[in-house]
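# Structural overview
Listed below, chain by chain, are the residues.
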Amino acid sequence: MGYDGAVSYQVLARSWRPQRFADLIGQEAVVRTLQNAITSGRLGQAYLFSGLRGVGKTTAARLLAKAVNCAEGPTPEPCGTCVSCREITDGVSLDVTEIDAATRTGVNEIRDLQEVVRYRPTRDRYRVVIVDEVHMLSASAFNALLKSIEEPPEYLLWIFATTERHKVPATVLSRCQELEFRPVSTALIAERLLEIAGEEGFELAPEAAAMIARASGGSVRDALSLTDQLRAFSGDTIGPDAVAEVLGVPRRERILALISSIVEGDAGTLLSALREELREGHDPTVLWEALGRELRTLTLTVAGADPSSELDGEAAALAGRLSLDAWTRVLGLWLDHEPVVRTAAHRDLALEVAALRLSRWPTVRRVEALLREAGGTGGAVGGDGSRKTGPAASSAGGGRTASRSAGPAGPAEALADALWNKGLRQAAGAAREATVEIAGGLATLSLPAERAPLARILEQRLDTIREIASELWHVTGVDVVVGSAGTVEDSLADEVARDPGVATALEVLGGNIAAVKPDGNGEASGWN
Ligand SMILES: [Zn+2]
C-alpha cells in the first residue's frame, strides 16, 4: 500500500474504502457467508474471491483479516480502532501480508512469502496472506506455495482474489472456498455516490450519479475514479451535461427518447434527434452501443430476466409499451446492424439507416422480402393477391392445437394464442389465417377475399381483439380488412415508396426496386 504523506487530497476510492462489512455495498451474500463462518467458528483456511475489478474483493479481504485479528475478535464486525485493525487499515501489520501477483511475481518475492508463511503470527491470531490477481502467479510460484496452500498450518489464512477465475490452477481452486463477488447494481452505486457527495460537500445531480454508475459497469472503484475525474473537470457541481462530455456518452433520456421514436415508428423525430446527437459530436458507434444497451435492459426487464436492472419511471413506462416479442425483434434488428454501424465507411449514414430500420420493426421483414423479390426479378410489386401472405397454417377452422407451441410466434400467432386462451377458438383459428400489420398505433388484420367468413368471425370479437392488441402491441385501434387487393403489401409498398430513409437504405444496401404499383386505381409510382 502507498502512504499519503504530504498529499492532502485523497482520491475517493481510497478515502471511501469501506471500513466495515456493513459498508461493503452490493455483496450481501459474500458478507453473510464470511460473517457466519466467523461466528460459527467454521472459518476456512483458504478463500478465493472472484469477480469484476473494483467490486470489493480486496476490501473484503482486509476486512476479513481485521475480523479474525481484531482485539475484540474473532468478530463478524471488526472494531476498526484496536491496534490490529488500525495497522491492517494502514497496511503496516506484520501479520497481514498483501501481495499483488500482477506486479510482484519474482523469485525473491515468492521466497519471502515462503518464509512468511512458515512462522506463527507475531502478535495476532492469524497470519493472513492476501494475494491479489492470483491468476497472474507463475507456475513455479504456485508450485513453491502449493504445500502451504494444500496443508496450511492452523494459524495461516490465505485469501486469494482474482478477476479471472478461469486462469486459476485447479490445484488451487480445489483447496479454496470460493466466493463470487457480483457486479454492483447501478442503483446502489448511484446511491453511494450521492451519499459520498453529501459527505464531501460537492454537488452531484442524481441523473449525473446514475450516468456515472451506468458507465462504471458495476465497479464501485471505477465509479469513484470517474467521479474524481469529473470533479477535476467541472469543480464542485457535477451535472449530467458534464458527465456526458467527460464520458463521451449521450444522455440517457435522449437514448430513451430515440427508443420511444423507434417504438412509435416515428422516423422523422428519430432522424432529427439522431442528427442532433451527431452534431453534438457523439460518436456513431457510441450512440449505437448506448442504444443497444438500453434496448437490452428494456427487453430483459420485460422478460423478467434481469433482476439487477432497476428502471426508473420513464424507462419502465417505455418497457411496458411493447411485448416481449416486439422488444426481442427490435433488439434482434439492432444486433443485425451492429457490425454494419461499427465498420461502415460512413458511420453516420450507416447509423441513420440502421436506426430507420429499427423504427420499421413491425414491418421490416416484409420490406426485406419485398426488396428481395423486387430486386430478384426486377418485376412489379403489386397486389394481385397471387402471393400467399398469411401464415402458413395447415388448415382453416378452429379447434387446432398442433401449431400452438411451434416456434417463435408472429403477431397473428400471438393474437391467435391469446384468443385461444380466452376460449374463443373460432376466432383464434381465424386470426391464425390473417396477416397482421402494426403501424401508426393501428393493427390491421387482413384476410383474402375467399376468407371473408373468417373476417366476420374476427369482427364479432373485435372488442376482445382490440383489448388483446392493445396489450400485445400497444395499438389503439384494430381494423379487419378483406379483399384480394393485397392490402398489406400495397400499403407497405406505398410506405416504402414514400420513405426517404428506406430509399437511402436501398442505396446503401444495394437493393433495387424496379417499380411499385400501389393499388388497382391505375396510379403508378416507380423509383429505381
Ligand atoms: Zn479491532
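These figures come from a predicted structure and were not determined experimentally. Residue numbering note: each chain is counted from 1, following its sequence as written. Totals for whole chains, interfaces and linings use all residues, but because this is a predicted model, local features are given only for residues with pLDDT of at least 70 and pairs of side-chain atoms are given and counted only at 80 or more. Processing note: side-chain calculations cover all non-hydrogen atoms of the structure and skip hydrogens and water entirely.

## A look at the nonpolar core
As a reminder, the rule being used: Residue types Ala, Val, Leu, Ile, Met, Phe, Trp, Tyr and Cys, when buried and joined through side-chain atoms within 4.5 Å, form a set referred to as a nonpolar core. Relative accessible area decides the class of each residue, using a 1.4 Å probe on protein chains only: under 20% of the type maximum gives buried, over 50% gives exposed, and in between gives partly exposed. Strands are runs of DSSP state E lasting at least 2 residues, helices are runs of H or I lasting at least 4, and numbering of each runs from the N terminus. Reported domain spans reflect what an automatic or database domain assignment gives. Contacts between residues were defined by any pair of non-hydrogen atoms, one from each residue, lying within 4.5 Å.
Within the largest apolar cluster, 52 residues are counted, with the highest numbers of intra-cluster contacts made by Y47, F49, L64 and L204. It is helix α3 (residues 57-69) that provides the largest number of residues to this core, a total of 7 residues. Split by domain, this core shows at least three residues from each of two domains, domain 1 (12-180) and domain 2 (186-247). Once residues lying within four places of it in the same chain are set aside, the contact partners of L204 are L193, L194, A197, A209, I212 and I238. In terms of nonpolar packing, the next biggest core, distinct from the first, is built from 31 residues, A416, L462, I465 and W473 among them.

## As for the sheet that holds strand β1 (residues 46-50)
Definition in use: Any two strands between which DSSP finds at least two bridges are classified as paired. In this description, a line fitted to the C-alpha atoms serves as the axis of each element, helices being fitted only across the stretch in contact, and the angle between N-to-C directions of two axes falls anywhere from 0 to 180 degrees.
Here 5 strands make up an open sheet; going across it, the order is β2-β3-β4-β1-β5 and the pairing parallel. Both edges of this open sheet fall to β2 (96-100) and β5 (177-180), since each of them pairs with a single strand only. Across the sheet, the mean angle separating the axes of adjacent strands is 15° when strand polarity is ignored. Examined bridge by bridge, β1 and β5 share 4 bridges and lie parallel to one another. The partner of L48 across the bridge, within β5, is E178. Sitting on the sheet, helix α5 (residues 107-118) touches β2, β3 (127-132) and β4 (156-162), and the angle it makes with β3 is about 150°.

## Some remarks on unusual backbone geometry
Between G73 and P74 the backbone carries a cis peptide bond, its omega angle lying at 0°. Structurally, P74 is set in the loop between α3 and α4 (83-90). If you check the backbone angles, E133 has positive phi at about 50° while not being a glycine. Non-glycine residue H474 carries a positive phi angle of around 55°. You can see H474 is positioned in the loop between α22 (462-473) and β11 (477-482).

## Observations concerning the packing of aromatic side chains
Applied cut-off: When two rings of Phe, Tyr or Trp (its six-membered ring) have centres within 6.5 Å they constitute a pair, described as stacked for plane angles under 30 degrees, edge-to-face for angles over 60, and tilted for the intermediate range.
Within this structure, the stated rule accounts for 4 aromatic pairs. Ring centres of W158 and F160 lie 5.3 Å apart, and the angle between their planes is 15°; on these two criteria the pair is classed as stacked. Of the residues examined, F160 reaches a relative accessible area of 1% and is grouped as buried. Taking 5.7 Å as the distance between ring centres and 15° as the angle between the ring planes, the aromatic pair formed by W288 and W334 counts as stacked. Here the residue W288 occupies a position in helix α14 (residues 284-303), and W334 occupies one in helix α16 (residues 324-343), the gap between them amounting to 46 residues. W334 carries the same exposure label as W288, and that label is buried. Put simply, the rings of Y47, F49 and F181 pair up and form one aromatic cluster.

## Topic: the sheet that holds strand β10 (residues 442-447)
Within the open sheet, the 3 strands sit side by side as β9-β10-β11. Their pairing is mixed. With one partner strand each, in any of the chains shown, β9 (435-439) and β11 form the two edges of the open sheet. Across this sheet, the average inter-strand angle for adjacent strands is 20°, counted without regard to direction. Its contacts with the sheet place helix α21 (residues 452-460) against β10 and β11, and it is angled at close to 160° to β11.

## Describing the coordination of the zinc ion
Just so we agree on the cut-off: Coordination here is defined by N, O and S atoms within 2.8 Å of the metal (3.2 Å for Na, K and Ca), and since water is not considered, a site can look incomplete. For four-coordinate sites, all angles between 85 and 135 degrees define a tetrahedron; for four- and six-coordinate sites, opposite donors beyond 155 degrees with the remaining angles between 65 and 115 define square planar and octahedral shapes respectively, and all other cases count as irregular.
Distances from the zinc ion to its protein donors, C70 (SG), C79 (SG), C82 (SG) and C85 (SG), fall within 2.3 Å. The coordination sphere of the zinc ion comprises 4 donor atoms, whose angles at the metal cover 102 to 120°; the geometry is tetrahedral. Taken in chain order, the donor set of the zinc ion reads C-x8-C-x2-C-x2-C. The burial state of C82 is the same as that of C85; both residues are buried.

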